[in-house]
Amino acid sequence: MIAIAIFAGFAMISLAILLTVWRLFAGPTRGDRILALDTMVINAIALIVLFGIYEGTAFYFEAALLLAMVGFVGTVAYAKFLLRGDIVE
């Protein structure tokens, strides 16, 4: 039963990533593209965690945590660059 749920989760997250890539390229504004990148990071984190559950190791959970931190910093930096035109003050 858990195997079916994991493979269904893989399929749903993969579909979500494909839709996010479409939003990344078709987004009318730069703000939409920032949100698409942030959503893509969240989907990648979900995919890594799901793969960690499938493999049964804790290594992937640590990788997902690192990706979450880097993704947050990247989103904040990109949004700040869009608002002010400069990242470092």
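Residues numbered from 1 in each chain as written. Predicted model: local features only at pLDDT ≥ 70, side-chain atom pairs only at ≥ 80, totals over all residues. Heavy atoms only, no water.

If you check an unreviewed UniProt entry, the protein chain appears there as K+/H+ antiporter subunit F from Alteraurantiacibacter palmitatis. We quote the UniProt Sequence similarities (unreviewed entry) comment for the protein chain here in full: "Belongs to the CPA3 antiporters (TC 2.A.63) subunit F family." In its Subcellular location (unreviewed entry) section, the UniProt entry covering the protein chain states "Cell membrane". (UniProt positions renumbered as here; feature names shortened; annotations may be inferred.)

J.: Account for the overall build of the protein chain, naming residues and giving values.
T.: Per the secondary structure count, the protein chain includes three helices and zero strands. Mapped in sequence order, the helices and strands of the protein chain form the string α-α-α. Against the 2.2 N^0.38 benchmark of 12 Å for 89 residues, the protein chain shows a C-alpha radius of gyration of 15 Å, more extended than a compact globule. Each of the three principal axes of the protein chain carries a C-alpha extent, and together these read 50 × 30 × 10 Å. Put simply, the protein chain has 89 residues, and 18% of those count as buried. Sequence-distant contacts, at least 24 apart, represent 45% of the contacts inside the protein chain between residues at least 6 apart. Accessible surface for the protein chain amounts to roughly 6,300 Å². Of this, 76% is attributable to carbon and sulfur atoms. Measuring between centres, the 5 positive side-chain charges of the protein chain sit 13 Å from its 6 negative side-chain charges. (Helix = DSSP H or I, 4+ residues; strand = E, 2+ residues; numbered from the N terminus. Rg over C-alpha atoms; globule rule 2.2 N^0.38 Å. Buried < 20%, exposed > 50% of the residue type's maximum accessible area, 1.4 Å probe, protein only. Contact = heavy atoms within 4.5 Å. Areas by Shrake-Rupley, 256 points an atom, 1.4 Å probe, with all protein chains shown as cover. Lys, Arg positive; Asp, Glu negative; His and termini not counted. Charge placed at Lys NZ, Arg CZ, Asp CG, Glu CD.)

J.: Residue-level account of the UniProt feature "transmembrane region" (unreviewed entry) in the protein chain, with values.
T.: As recorded in UniProt, the feature "transmembrane region" (unreviewed entry) lies at residues 6–25, 34–54 and 60–83. End-to-end, the C-alpha atoms of residues 60–83 are 34 Å apart, and along that stretch the chain is 100% helix and 0% strand.

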